[in-house]
Amino acid sequence: MEKIEAGQVPRPQREERSPAAPLRSPDARSWWPGLGAHFGNWRYIYVLIVLVIYSNIVLRAQLRGNPHDDRVPDEGPVSDSSEPWTEWLDITPSEKLRWQPCFGVYGPNLQCARLTVPMDYSRPLNASAAHPKVHLALIMVTGAGRTKDPSTYAEAPLLVNPGGPGGSGVAFTQGRAASLQILVGNQHDIIGFDPRGVGYSTPKADCFASPNGSNGVSGRNVAFMNRLAWLASGQGIGVTNSSNVALTQLAARSKAIGKLCQRIDETQGDSSIFRYMSTPNHARDMLSIIQAWDEWRLGSQTMQPMQPDTAQPPVEQQPSDYDEDSKTSLRGKLVYWGFSYGTLLGATFASMFPDKVGRIVLDGVVNADHYVKPMWETSLVDTDAIWDRFFVSCAEAGALCDFYRAGDGPEELRARFKEIMSSLEAQPAVVLLPDTNLAALVTASDVKKSILFAGLYAPIVGFPVIAELLDRVLRDKLGGIAKGAGMASLCGNFTLPVWPDDSITAVACGDKRRKLNEGVPELQARFESAASYSWFADVWFGIEPNLGCSGWEIESKEPPMRWHDDPTHKPALIQTSFPILLFSNTLDPVTPLEAALAMTRKFANASIVEQDGSGHCTLSCWSSCTIKHLRAYFNEGVVPPPPKFKSDVGNEGQWPTCQCFEGPWTSPGRPAAEESMSGIPATGDHVQAYRELRAHFSISMLSQQLDYNNPLKSYLVERTRSLAGGYP
């Protein structure tokens, strides 16, 4: 097999494709020139909406160049030219890393590869060519000083995961690579990857996979239209308690999707990706990336195959405390920044491969004990406290808040909000779409799910958008912002940058220690338990990892993870080769601070930094203190002291806390010029990079919550983008 250096494009070898997943047909319409026309017409799941937004907005900025990019152009891959757009299926998959220039429209420093790993790690690829394979999509932004010599690259790349499950690391890195490098330093080679079954990695976890239609429509288009039809059929149900039959209908729909996925799984048998979508397999894939990196960087022609590992926190044969060598060399170790679900993935990796921990940052931390339970009822313990701040912040902002009226205090704002919601529950708002002869409804469920709950993930951006929408509802002005072109524009063959998948359900449901297969009375009891924590329980209860797992019958090929909080099972502290660093906001709508503190207790010498702000993950607000800790950890191996708890139970104690420099309806505070972050002054570039990353997460979350034909979608995404300040 010929050796291909970084920057050298391998000879194209077309991957064989099944009839259910064809390439575009000769008459297919490309997504590129007509993207704007399609943008407002369907619900994009997490990965898809991010790429579409980037396509419309960021491409223009990247073609102009990013004024905040502090990377240094060098000879080698960063200066090699590449086509503006890259088709992933044109990249030859390989068991060795074979980087090639890609996606020139985003900048000159991007390299792509498709790494082949075992679908089933108990059936390694070197044992039989017939063993099923997974091709992981990887994209790398190269650090400063890189040449065509792989040895000029970092000992260990920085892997990032934006969350999910089912989030695309490719989309995240592809669009926000410059922002990431500004924050952590341009000496890092940053790799984003699509986990197995997700995004550009193949095979996809697609429950709607279909053969080509008899009328010439490609299988992918058939599957996409079937997916949209299914989503449309359930849109009128609303959130869990929107009616006395909503829970029954939502539970039935979950079981229907479970049966649909099971039919695909049974057709594919032991080569079904659905049976190998567990988080431990994602962790093994990250180890495969690390091993392939070492082989590529050092020019080795041999690499030991990875042995199967049990997916549980180890209690024996743990490495000793990190030594001096582990501080100076990161070769063969994981350097990682994971957000939200990405923290569960990072913690799982550290529990399975504790001697492979180089630097692991967990940001917006999932409680692993709760994650493996049938439902995540306790995730919302701080959600209402964030929502309460909307009324307080709006009253303090006065006229800057569109929902404010002269003389309002928080209580007056609450009362007016309750009147609006009661009105929408009694009579949904009617809007007429200006660009097609079509009417649409805006219900109380739409507002609560798509606007209010999504806005809690980044209140600095979300609260002003919420205020604008409530003001428009109050003045009966929603029609002025409604858009939509109807379904006709989707007829026939067209292509998308990436096709939707069902990875969030496959991963989350497959990871549960006990299947959720209960009747409506039992589910109602679970909902009432969740409602005791938060007014938003009706939104949270209905998401895919919760009620969406009702009736999921696909059996994972390995036992679920051993995370749980059974008091009779107290595993020893996990001794990692380098301490883990966790970050959490004081108030987080879905991964509360108490979850981060609980996870800190599982790892020896682990540290935590609390950011005194509201929102999901620390990117929700700007803090130079947070960035200082982040850079010092990644670049110098500086770890804050472990938290000092007052007792073995409870969360009272001492640990570092950072302040935010901005809030809703305020501009970010400019740090003093002399303030240093690991020797690098905090500048406006760092603030802008922070805001760009926040914009990515804000738009991603909003888009995930929006139904595909929500008439307010285009407006909400555009306003969020504008307020987030993330894109030129």
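Each chain has its residues counted from 1, running along the sequence as written. In view of the model being predicted, local features appear only for residues whose pLDDT reaches at least 70, and side-chain atom pairs are presented and counted only at 80 or more, with totals across whole chains, interfaces and linings using the full set of residues. Think of the side-chain values as coming from all heavy atoms in the structure, minus any hydrogens and water.

Participant: How would you summarise the overall build of the protein chain if you had to cite specific residues and measurements?
Facilitator: By definition, any uninterrupted DSSP run of H or I lasting at least four residues is a helix, any uninterrupted run of E lasting at least two residues is a strand, and each is numbered from the N terminus. For the protein chain, the helix and strand inventory stands at 20 helices and 16 strands. Any two residues whose heavy atoms approach within 4.5 Å at even a single point are treated as in contact. Within the protein chain, contacts between residues at least 6 apart in sequence are counted, and of these 78% link residues at least 24 apart. Counting only carbon and sulfur atoms, one obtains 51% of the accessible surface of the protein chain, whose full area is about 27,200 Å². Only the protein chains shown count as cover for residues, and all accessible areas are computed by the Shrake-Rupley method using a 1.4 Å probe.

Participant: Requested: an account of the state of the cysteines, with residues and values cited.
Facilitator: In this description, a disulfide is simply a cysteine sulfur pair whose atoms lie within 2.5 Å. Taken as a whole and judged by the stated rule, the model has 6 disulfides. With its sulfur 2.0 Å from that of its partner, Cys394 forms a disulfide with Cys401. Its torsion about the S-S bond being -90 degrees, the disulfide of Cys394 and Cys401 is classed as left-handed. Neither Cys394 nor Cys401 differs from the other in exposure class; each is buried. For Cys625, the disulfide goes to Cys658, at an S-S distance of 2.0 Å. Here the disulfide of Cys625 and Cys658 is left-handed, its torsion about the S-S bond being about -55 degrees. Placement of Cys625 in helix α18 (residues 624-636) and of Cys658 in strand β14 (residues 657-659) is noted, with a sequence separation of 33 residues between them. Given the relative accessible area of 24%, Cys625 is considered partly exposed. Classification of residues uses two cut-offs on accessible area relative to the type maximum, computed with a 1.4 Å probe and protein chains only: under 20% is buried, over 50% is exposed, and between them is partly exposed. Looking at Cys658, the relative accessible area reads 0%, which means it is buried. When the cysteines of the protein chain that form disulfides are numbered from the N-terminus onward, they connect as 1-2, 3-4, 5-6, 7-8, 9-12, 10-11.

Participant: Tell me what's going on with a nonpolar patch on the surface, and back it up with residues and numbers.
Facilitator: By definition, no residue in a patch forms a salt bridge, and every one has over 30% relative accessible area; like charges are joined within 9 Å, nonpolar side chains (Val, Leu, Ile, Met, Phe, Trp, Tyr) within 5 Å. Just to be clear on terms, a salt bridge is a Lys or Arg side-chain nitrogen sitting within 4 Å of an Asp or Glu carboxyl oxygen. A cluster of nonpolar side chains, Val430, Leu432 and Leu441, forms an exposed patch at the surface whose accessible area comes to about 310 Å². Tracing the sequence through the fold places Leu441 in strand β9 (residues 438-442).

Participant: So, the sheet that holds strand β4 (residues 158-161): which residues are in play, and what are the values?
Facilitator: Being paired, for any two strands, means DSSP has found at least two bridges between them. Taking strand neighbours across the sheet as the criterion, the 10 strands line up as β1-β2-β3-β5-β4-β6-β7-β10-β11-β14 in an open arrangement whose pairing is mixed. With one partner strand each, in any of the chains shown, β1 (100-101) and β14 form the two edges of the open sheet. In terms of strand pairing, β4 meets strand β6 (residues 334-339) through 4 bridges, oriented parallel. Bridge assignment links Leu159 to a residue of β6, and that residue is Tyr336.

Participant: Kindly report on the pairing of β6, identifying the contributing residues and their values.
Facilitator: Of all 6 residues in β6, 6 are buried; the element is thus mostly enclosed. By the alternation rule, side chains of β6 split into Leu334, Tyr336 and Gly338 and Val335, Trp337 and Phe339, which are all buried. In this sheet, strand β7 (residues 357-363) lies alongside β6 in parallel orientation, the contact comprising 6 bridges. Within the sheet, the bridge partner assigned to Phe339 lies in β7 and is Asp363. As a crossover connection, the stretch from β6 through helix α8 (residues 341-352) into β7 is right-handed. By definition, the crossover connecting two strands over a helix is right-handed if that path, from the first strand to the second, turns clockwise as seen with the strands pointing away from the viewer.

Participant: Provide a residue-level description of the packing of helix α11 (residues 410-426) against helix α12 (residues 444-455), including the pertinent values.
Facilitator: A pair of packed helices is characterised by two quantities: the angle between their axes and the separation of those axes. Running from amino to carboxyl end, α11 crosses α12 at an angle of 130 degrees, the nearest separation of the two axes being 7 Å. In terms of orientation, α11 and α12 fall into the oblique class. The residues of α12 that touch α11, namely those facing Phe417, Met421, Leu424 and Glu425, are Ala444, Val447, Lys448 and Leu452. Lys, Arg, Asp and Glu make up the charged group, whereas Ala, Val, Leu, Ile, Met, Phe, Trp, Tyr, Cys and Pro make up the nonpolar group; the residues left over, Gly among them, are polar. Class assignment of the residues belonging to the contact of α11 with α12 gives a composition of 6 nonpolar, no polar and 2 charged. For every element, the axis is a line fit to its C-alpha atoms; helices are fit only across the contacting stretch, and the angle between N-to-C directions ranges from 0 to 180 degrees. Comment on the angle field: the value is read as roughly parallel under 35 degrees, roughly antiparallel over 145, roughly perpendicular from 65 to 115, and oblique elsewhere.

Participant: Got a sec to walk through unusual backbone geometry? Specific residues and values, please.
Facilitator: With an omega of 0 degrees, the peptide bond running from Gly164 to Pro165 counts as cis. Residue position: Pro165 is located in the loop between β4 and α3 (169-184). Put simply, Thr202 and Pro203 share a cis peptide bond, and its omega is 0 degrees. Along the chain, Pro203 falls in the loop between β5 (190-194) and α4 (219-234).

Participant: Residues and numbers for the pairing of β9, please.
Facilitator: If a strand is regular, its side chains alternate between the two faces of the sheet. In this structure, strand β8 (residues 429-433) lies alongside β9, joined through 5 bridges in antiparallel fashion. Residue pairing in the sheet places Val431 in a bridge with Ala440 of β9. The hairpin turn running from β8 into β9, its antiparallel successor, is 4 residues long.

Participant: Outline the packing of aromatic side chains, supporting the account with residue identities and numerical values.
Facilitator: Note on aromatic pairs: the rings of Phe, Tyr and Trp (six-membered ring only in Trp) are paired at centre separations within 6.5 Å, and the planes decide the class, stacked below 30 degrees, edge-to-face beyond 60, tilted for the rest. With the rule as written, the count across this model stands at 35 aromatic pairs. Centre to centre, the rings of Tyr341 and Tyr371 are 6.1 Å apart; their planes meet at 40 degrees, and the pair counts as tilted. One end of the pair, Tyr341, is in helix α8; the other, Tyr371, is in helix α9 (residues 368-371), and 30 residues separate them in sequence. Judged on exposure class, the residue Tyr341 and its partner Tyr371 are both buried. Ring plane angle 55 degrees and centroid distance 5.9 Å describe the contact between Phe578 and Tyr633, whose orientation is recorded as tilted. With Phe578 in the loop between α16 (537-541) and β10 (581-587) and Tyr633 in helix α18, this pair connects stretches of sequence that are 55 residues apart. With respect to class, Phe578 is no different from Tyr633; both count as buried. Arg416 extends its terminal NZ or CZ atom over the ring of Phe403, reaching a point 5.4 Å from the ring centre. Residue placement shows Arg601 over the ring face of Phe645; its charged tip is 3.7 Å from the ring centre. For a Lys NZ or an Arg CZ to count as sitting over a ring, it must be within 6 Å of the ring centre and within 35 degrees of the ring normal.

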